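Structure at a glance
So the chains spell out like this:
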Amino acid sequence: MYDIVIIGSGPAGLSAAIYAQRENLKAVVVEKEFMGTGQIAESERVDNYPGLYGETGFDLGEKFRTHAEKLGAEFVEGEVTEVERVNGNFSVNIDGGESLETKTVIYAAGTQRRKLGVKGEKEFLGNGVSYCAVCDAAFYKDKITVVTGGGDTALGDALLLSRFCKKVYLVHRRDELRAAKSLQEALQALPNVEILWDTVATEIKGEDQVEALALKNVKTEETQELPVDGVFIAVGIVPVSRLLLGMDVCDEKGYLIAGEDGMTKKPGIFAAGDIRTKKLRQIVTAVADGANAITSVEAFLNHK
C-alpha cells in the first residue's frame, strides 16, 4: 500500500516525488515513457526558470529527474488505464495487468498538443507532419516549412525552424498574435519568416511525403496551395484527463478543478501541473504545484 501514486513524470510529478521523499512518504511515480520528463524535453531553451537561464528543456528535465532519483524516488513504467475507488483507498491499474494500491493519487499527467483536424494530418505524421520542432527541425535544413498557430509555442517553433530552413511560414487564423511580445519582435525581424494572417489550413497534401498545404483566408475566402516540405502544428493544448472524466472533478474543458493546494472535489485525488485549472501553465508553476500537492496529501493522511 502506497501513501501516494503520482501519475506523470513531468516537472509537477517529479517535484511531487522530491517532496514526498523529503517527507518520508511511500510514493511511486507512474510514467508513460521510460525515463520521461514530460513535454519540457521538447523545449529547445528555457529562459524563464529562475537560476537556470538558457538551459535546454531536456537538460532541465534531466536535472529534475536526477534530483528525485538521488532522494530514492520510485518509478514504474506504464500507462495508467484506470483509477478506481476501493475500500476507501484507490487502485491504480496499469497496462500489462499491474495494479498499485494507494491512499492518495496526485494526477500530474499534463496536456498534449491539440490536433489540427484536417485531411492529411494523420496520414503524413512522421512524413512531413510534426508536433515537435525541437525534435524534428534538423531534418528540414535548407527546406521550406510552415507552422500553424499564434501562441508562444508556435512562435518558438518558427524561430527554431528559421535557423535551419530557407523559408518558414507562420499561418495564423487571426490578424494579431497571442504570443509574448519578445517572441513576436524576434520573429518579425527575421528575413526568412513570413506571416500569413487571417488564414487557416484546410488540407495537407502530398504523395509519400508532405508536398503542399492548402490554405484559406477566413476574411476573403481566397484559397491557395503553398508548396512546403514540412508542416509543424502548434494550435494549442488539451488536458490528458480521460481517466478522471467520470469522477466529477473536471471542468467543461477537461482540466481538473483545483486551487493551489491541489485538492479536487474527490477526497484523496489531487491535481498538479498543467492539468490543473489555472491561468499560468509554466515549468515554475508546475513545480510549485507538485510541492503544494504533497503538503495537502500530508494533511489529508494525518486526518484520514
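Residues numbered from 1 in each chain as written. Predicted model: local features only at pLDDT ≥ 70, side-chain atom pairs only at ≥ 80, totals over all residues. Heavy atoms only, no water.

**A word on the packing of aromatic side chains**
Heads up, the rule is: In this scheme Phe, Tyr and Trp rings, the latter by its six-membered ring, pair at centre separations within 6.5 Å, and the angle between planes marks the pair as stacked below 30 degrees, edge-to-face above 60, and tilted otherwise. Each ring is checked for a lysine NZ or an arginine CZ that lies within 6 Å of its centre and within 35 degrees of its normal; such an atom marks a charge sitting over the ring.
By the definition in use, this model includes 3 aromatic pairs. Sitting over the ring of Tyr169, Lys167 keeps its end group 5.2 Å from the ring centre.

**Comments concerning the sheet that holds strand β10 (residues 167–171)**
Worth spelling out the cut-off: For two strands to be treated as a pair, DSSP must find at least two bridges joining them. A run of H or I in DSSP counts as a helix once it spans at least four residues, and a run of E counts as a strand once it spans at least two, with each numbered from the N terminus. Contacts are assigned to residue pairs that have any heavy atoms within 4.5 Å of one another. Interaxial angle, 0 to 180 degrees, is taken between N-to-C directions of lines fitted to C-alpha atoms, where a helix line uses only the stretch in contact.
A sheet is described by the order of its strands in space; here 5 strands give the open sequence β8-β15-β9-β10-β11, paired in parallel fashion. In this open sheet, the two edge strands, each paired with only one partner strand, are β8 (129–130) and β11 (193–196). Relative to strand β15 (residues 230–233), β8 runs parallel, the two sharing 2 bridges. Residue pairing for β15: Ser130 is matched across the bridge by Phe232. The strands touched by helix α4 (residues 152–162) are β9 (144–148), β10, β11 and β15; relative to β9, the strand with the most contacts, the crossing angle is about 170 degrees.

**As for the pattern of salt bridges**
For clarity, the threshold we go by: Salt bridge, as used here: a side-chain nitrogen of Lys or Arg that lies within 4 Å of a carboxyl oxygen of Asp or Glu. Between buried and exposed lies partly exposed: a residue is buried under 20% and exposed over 50% of the maximum accessible area for its type, with that area taken using a 1.4 Å probe on protein chains only.
Under the criterion given, the structure shown has 14 salt bridges. When the shortest N-O distance is used, the salt bridge between Lys219 and Asp198 registers 3.7 Å. Placement of the pair is Lys219 in the loop between β13 (210–217) and β14 (223–227) and Asp198 in the loop between β11 and β12 (199–206), with a sequence separation of 21 residues. Among the residues examined, Lys219 registers a relative accessible area of 56% and is labelled exposed. Notably, a salt bridge pairs Asp289 with Lys278, separated by 2.8 Å at the nearest N-O pair. Taken together, the positions of Asp289 in helix α6 (residues 283–302) and Lys278 in the loop between β17 (269–271) and α6 put the pair 11 residues apart, joining distant regions of the chain. Each member of the pair, Asp289 together with Lys278, is buried.

**Regarding the packing of helix α1 (residues 11–22) against helix α2 (residues 57–70)**
Each pair of packed helices gets described by two things: the angle between the helix axes and the distance between those axes. To keep it simple, the criterion reads: Geometric relationships in this document are graded by angle, where less than 35 degrees denotes roughly parallel, more than 145 denotes roughly antiparallel, 65 to 115 denotes roughly perpendicular, and other angles denote oblique. The crossing is said to be left-handed when, going from far helix to near helix, the turn is anticlockwise and less than a right angle, and right-handed when the turn is clockwise. Put simply, Ala, Val, Leu, Ile, Met, Phe, Trp, Tyr, Cys and Pro go in the nonpolar bin, Asp, Glu, Lys and Arg in the charged bin, and everything else, Gly too, in the polar bin.
Running from N to C, α1 and α2 cross one another at 25 degrees; their axes reach a closest spacing of 9 Å. With respect to α2, the axis of α1 lies roughly parallel. Pair α1 / α2 crosses with left-handed handedness. Contacts between α1 and α2 involve Pro11, Leu14, Ala17 and Ile18 from the former and Gly61, Phe64, Arg65, His67 and Ala68 from the latter. Of the residues assigned to the contact of α1 with α2, the class counts are 6 nonpolar, 2 polar and 1 charged.

**Things to note about α6**
Selection rule: A helix is expected to span 1.5 Å for every residue after the first.
With 20 residues, α6 should reach 28 Å at 1.5 Å per residue; the first-to-last C-alpha distance of 29 Å fits that figure. Against β1 (2–7), α1, α2, β6 (99–107) and β17 lie the buried residues of α6.

**Re the environment of Ile275**
You can see Ile275 is positioned in the loop between β17 and α6. Looking at Ile275, the relative accessible area reads 0%, which means it is buried. Spatially, the C-alpha atoms of Ile275 and Val238 are 8.8 Å apart, while their sequence positions differ by 37 residues. With sequence-adjacent residues up to four places away left out, Ile275 is seen in contact with Tyr107, Ala108, Gly110, Pro239, Val240, Ser241, Tyr255 and Leu256.

**Things to note about the packing of α1 against α6**
It is at 7 Å that the axes of α1 and α6 come closest, and there the two elements cross at 35 degrees. The two elements α1 and α6 meet at a crossing, and its hand is right-handed. Facing α1, whose interface residues are Pro11, Ala12, Ser15, Ala16, Tyr19 and Ala20, α6 presents Ile283, Ala286, Val287, Gly290, Ala291 and Ile294. Among the residues forming the contact of α1 with α6, the class breakdown is 10 nonpolar, 2 polar and no charged.

**Let's talk about the side chain of Arg113**
We count it as follows: Polar contacts, as counted here, are pairs of nitrogen or oxygen atoms within 3.5 Å of one another; within protein the pair requires one atom able to donate a hydrogen and one able to accept it, and residues that are adjacent in sequence qualify only if both atoms are side-chain atoms.
One can find Arg113 in strand β7 (residues 111–113). There is a polar contact of 2.4 Å between the side chain of Arg113 and the backbone oxygen of Tyr131. A polar contact of 3.2 Å, which involves the side chain of Arg113, links it to the backbone oxygen of Ile233. Arg113 has contacts with Gln39, Glu42, Tyr131, Cys132, Thr153, Asp157, Ile233, Ala234, Gly236 and Val238, leaving out every residue within four places of it along the chain.

**A word on the environment of Ala20**
Turning to its location among the elements, Ala20 is positioned in helix α1. Since its relative accessible area comes to 0%, Ala20 is described here as buried. Through-space distance from the C-alpha of Ala20 to that of Asp3 is 9.3 Å; in sequence the pair is 17 residues apart.

**Thoughts on the pairing of β1**
As a reminder, the rule being used: Here the term right-handed applies to a crossover when the path leading from its first strand over the helix to its second strand runs clockwise, the strands being oriented away from the viewer.
Among the 6 residues that make up β1, 6 are buried, leaving the element largely enclosed by the rest of the structure. For β1 and strand β2 (residues 27–31), the ladder comprises 4 bridges, and the chain directions are parallel. The residue bridging Ile7 from the neighbouring strand is Val30, located in β2. On the question of chirality, the crossover connecting β1 to the parallel β2 by way of α1 is right-handed.

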